[in-house]
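Structural overview for review
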Amino acid sequence: MITGTFIRTFRLGVKSLMLHKLRSMLTTLGMLFGVASVVAMLAIGEGASKEAQEQIKQLGSHNIILRSVKPPDDPISNQDTRVSNYGLTNADFDRMSQTFPWAEDVVPMRILQQEVRFEEQALNPRIISTVPNYLEATGRVMYEGRFLNERDQINTANVCVIGYEVSRQLFPFESPLEQQIKIGPDYFTVVGTLLPRVPIGSDQPAPGDDITGEIFLPMSTGLRWFGDMQVKIRAGSRDMEMVELHEIIFKVDSGDNVPIAAAAAREMLNRYHNDQDYEVVVPLELLLREEETKRIFKIVLASIAGISLLVGGIGIMNVMLATVTERTREIGVRRALGAKKRHIMWQFLVETVVLSVGGGLLGIALGLSIPKIVEYYTDMEPVVTPAAPALAFGISVGIGLLFGLYPAWRAANMDPVEALRHE
Amino acid sequence: MELRPPVAELIDVSRVYRMGDVEVRALDGISCTYREGEYWAIMGSSGSGKSTMLNLLGCIDRPTGGDYRVRDISIGTLDDDELSELRGEHIGFIFQSFNLIQQLNVLENILVPRFYLETPGSEAEDKAVELAERVGLADRIHHRPRELSGGQQQRVAIARALINDPSLLLADEATGNLDTQTTREILELFDELHQEGMTILLVTHEKEVGARAGRTMWLRDGKLDRIVEREPVA
């Protein structure tokens, strides 16, 4: 019986609204755009932060990345030729791999600058000499062939694994496996290729560098052929760099231990390095910072959407107050025919909710189509979470109730005698 | 000869409006008993207290002095909800300007008072159709009020007033907006209802209309001037 009453009240509300179609439609516009902006903004915001999080996760949320950073030039030693000796050392690596209890993998990396040739083609990729653990610690995936192994390391083998980019440039039409490429002065056999990954942050080649792709060598081989010294010739001066290790990837055994391990690594480096010739990148910290940014972003979006919903709600209230005044006589008649205050109250409340929910539903439809348009015209991928339309729907019901309450209360508390006399 | 039971009783009723410091006695010490099956006209010039009387009789206003009883229920003891219920159950309102609800069709309009009763039964719709037939609008039940003539609208209003089998039919200048021909038809309908035993109170200032009723209550300056009976008290 209660549902029957509700359905009748609901139908009455719809009928009353249909009496003034244009007015009702215009009134719902406020809600429509408010709700549409909530849904669309949430989807775009979610998409933006998800993209950033994907990139951070590729670095490995359990990893701590230590990098050598060249300290600012010492102005006194401004000679034509200088040797700068900086960065992470093998001693750092040993200390970490031997004393840190949270270490699952510690991977040293050296980055060499050498020209790579195959037949007529020449490239300047990042040449990374590292250990077999690299693959596991970074979670990268082989495309074909194999990665470096222990035997390569022991034999100081002239083998290399090439990145997808290098493979595509040097071997566009054939398999690179078992091909010989020239790195610096010597020939290396390609044993495998890697799938690409999205470059992030400082990993990304600077616009001036024509570094494309990566080549991996066994640590021992890199050391044997290219030594510790790197020579860079730059505008008349020769820079020589001594860097023992360019990067150390430190994989922590569990996510919970990442903060402790990061603190310990910073502490240890701080003790043994006089200069700030290193940086510590903790993807988990970036991730947390990203979460925080996302949270702030959401609060900002919610406030903007909230204001537009508020404006929509006030618009609805305004129209409902006018409607109540306009229908004073109807209210009087209904009261005379036996309607209680709560009947009148419900009648107008339901009408307001129908109005705001109608606007809300249209707004959800619009809000869901905006991300599709964004996706079509930009390379951004908005993510519509099912919670967003549900939230928007809930909000529009809430706004209807909240802003319908006062007009409904006014209607219900009219004096029937006065209301009947109203022209 | 036994008197028929009273439907509504005014016992020394007065209604005082306060406008600032001025007291206006719209009704002053009126007593009257309306018995079952009686057909009354309540008459008087404008300002005589007719409207106030109508509001009191229809239970949308309360007396400031004395007591008003409908079916032995004193309305002074009722709260707003109970008073609404009493109106729905016992009073059938008919207004001068029909006051149909524009967004509803004829059938739905007839059902409005039913809807506000505690339990709207499933037989209600059949009854509404029956009443539409009774007032001669069987072929119009799905029309909207604005598609009907004044006379037809008033017929709908009468059907609406009858849907809850009220104790009292209360008509306020029910023919004031109608032409002579339609007025006659509506008044004939009242006659029929009266013959079927309905208690009718007709508030009017037109003598020809009042002449139909068996009893006339004349008001002057808020006081009961005289009661004229044209038919013997049964």
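Residues numbered from 1 in each chain as written. Chains lettered and ligands numbered in written order. Predicted model: local features only at pLDDT ≥ 70, side-chain atom pairs only at ≥ 80, totals over all residues. Heavy atoms only, no water.

Digging into the layout of surface pockets
- There is about 600 Å³ of room inside the second largest pocket.
- Forming the boundary of the second largest pocket are 26 residues, of which A:Leu420, A:Arg421, B:Ser51, B:Asn55 and B:Asp172 lie nearest the centre.
- For the lining of the second largest pocket, the secondary-structure elements that each account for two or more residues are α13 (416-421) of chain A together with β1 (6-19) and α1 (50-57) of chain B.
- When its residues are assigned to classes, the lining of the second largest pocket shows nine nonpolar, seven polar and ten charged. (1 Å grid on protein atoms, 1.4 Å probe; cavity = no way out; pocket = protein on both sides within 12 Å on 5 of 7 lines; lining within 4 Å. Points joined across faces, edges and corners; volume = space filled by probe spheres on them. Helix = DSSP H or I, 4+ residues; strand = E, 2+ residues; numbered from the N terminus. Nonpolar A, V, L, I, M, F, W, Y, C, P; charged D, E, K, R; others polar.)

Concerning the domain arrangement of chain A
- The domains assigned to chain A are domain 1 (2-56 + 289-421) and domain 2 (70-276).
- Once you take the C-alpha centre of each, domain 1 of chain A and domain 2 of chain A turn out to be 58 Å apart. (Domains from an automatic or database assignment.)

Quick word on the sheet that holds strand β5 (residues 73-74) of chain B
Residues and elements named next belong to chain B.
- The four strands are arranged β2-β1-β4-β5 in an open sheet whose pairing can be described as antiparallel. The open sheet has two free edges, formed respectively by β2 (22-35) and β5, since each of these has just one partner strand.
- Two elements, β1 and strand β4 (residues 65-70), share five bridges in a ladder whose sense is antiparallel. Bridging from a neighbouring strand, Ile-11 pairs with Asp-67 of β4. (Pairing = 2+ DSSP bridges.)

Here's the deal with unusual backbone geometry
Residue and element names in this part refer to chain B.
- We note that Asp-12 has phi near 50°; this positive angle belongs to a residue other than glycine.
- Look at Asp-12 and you get partly exposed, because its relative accessible area is 46%.
- Of note, the phi angle at Glu-173 is positive, near 45°, even though the residue is not glycine.
- Its place among the elements puts Glu-173 in the loop between β7 (168-172) and α6 (180-195). (Buried < 20%, exposed > 50% of the residue type's maximum accessible area, 1.4 Å probe, protein only.)

Things to note about α6(B)
All names here are of chain B.
- Given a rise of 1.5 Å per residue, 16 residues ought to cover 22 Å, and the 22 Å separating the end C-alpha atoms of α6 matches this to within 8%.
- Here α6 has its buried residues at Thr-182, Thr-183, Ile-186, Leu-187, Leu-189, Phe-190, Asp-191, Leu-193 and His-194.
- Where α6 ends, the next residue or the one after it, Gly-197, has phi of about 105°, a positive value. (Expected span 1.5 Å × (residues − 1).)

Here's the deal with the interface of chain A and chain B
- The interface of chain A with chain B comprises 27 residues on the first partner and 26 residues on the second.
- When the buried area of chain A at its contact with chain B is split by residue, A:Lys15, A:Leu337 and A:Lys340 rank highest and sum to 24% of it.
- There are five salt bridges connecting chain A and chain B.
- The shortest N-O distance in the salt bridge between B:Glu108 and A:Lys15 comes to 2.3 Å.
- Applying the counting criterion to the chain A and chain B interface returns twelve residue pairs in polar contact (both at pLDDT 80 or more).
- Secondary structure elements with two or more residues in the side of chain A that touches chain B: α1 (2-18), α10 (328-336), α11 (341-377) and α13 of chain A. (Contact = heavy atoms within 4.5 Å. Buried area = accessible area lost by both parts, 1.4 Å probe. Salt bridge = Lys/Arg side-chain N within 4 Å of Asp/Glu carboxyl O. Polar contact = N/O pair within 3.5 Å; in protein donor to acceptor, adjacent residues only side chain to side chain.)

Here we look at the packing of aromatic side chains
- Tallied over the full model, the rule gives twelve aromatic pairs over all chains.
- Considering the side-chain rings of B:Phe93 and B:Phe95, the 5.3 Å spacing of their centres and the 5° angle between planes classify their relative orientation as stacked.
- Grouping aromatic residues by their ring pairs yields a cluster made of A:Phe100, A:Trp102 and A:Phe250.
- Here B:Arg15 stacks its cationic end above the ring of B:Tyr17, 4.4 Å away from the centre of that ring. (Phe/Tyr/Trp six-rings, centres within 6.5 Å; stacked < 30°, edge-to-face > 60°. Lys NZ or Arg CZ within 6 Å of the ring centre and 35° of its normal.)

Quick word on the environment of B:Leu187
All names here are of chain B.
- With respect to the element layout, Leu-187 can be found in helix α6.
- You can call Leu-187 buried: its relative accessible area is 4%.
- In sequence terms Leu-187 and Thr-175 are twelve residues apart; their C-alpha atoms lie 8.1 Å from each other.
- If near-sequence neighbours (up to four positions away) are discounted, Leu-187 is found in contact with Tyr-39, Thr-175, Leu-202, Val-209 and Arg-212.

With respect to the pattern of salt bridges
Residues and elements named next belong to chain A.
- The full count for this structure, using the stated rule, is 37 salt bridges over all chains.
- With a shortest N-O distance of 3.0 Å, Arg-140 and Glu-214 are connected by a salt bridge. Note that Arg-140 is positioned in the loop between α4 (133-138) and β7 (142-145) and Glu-214 in strand β11 (residues 214-218), a separation of 74 residues in sequence. When sorted by exposure, Arg-140 lands in the same class as Glu-214, which is buried.
- One continuous salt-bridge network, built from bridges that share partners, spans Arg-327, Glu-330, Arg-334 and Glu-351.

As for the sheet that holds strand β6 (residues 91-94) of chain B
All names here are of chain B.
- Read across the sheet, six strands follow the order β6-β7-β8-β3-β9-β10 without closing on themselves; strand pairing throughout is mixed. The open sheet has two free edges, formed respectively by β6 and β10 (223-229), since each of these has just one partner strand. Mean inter-strand twist for the sheet, computed between neighbouring axes without regard to direction, equals 20°.
- Note: strand β3 (residues 39-43) against strand β8 (residues 200-204), five bridges, orientation parallel. Bridging from a neighbouring strand, Met-43 pairs with Thr-204 of β8.
- Sheet strands touched by α1: β3, β6, β7, β8 and β9 (215-220). Its angle to β7, the strand with the most contacts, is close to 150°. (Axes fitted to C-alpha atoms, helices over the stretch in contact; angles between N-to-C directions.)

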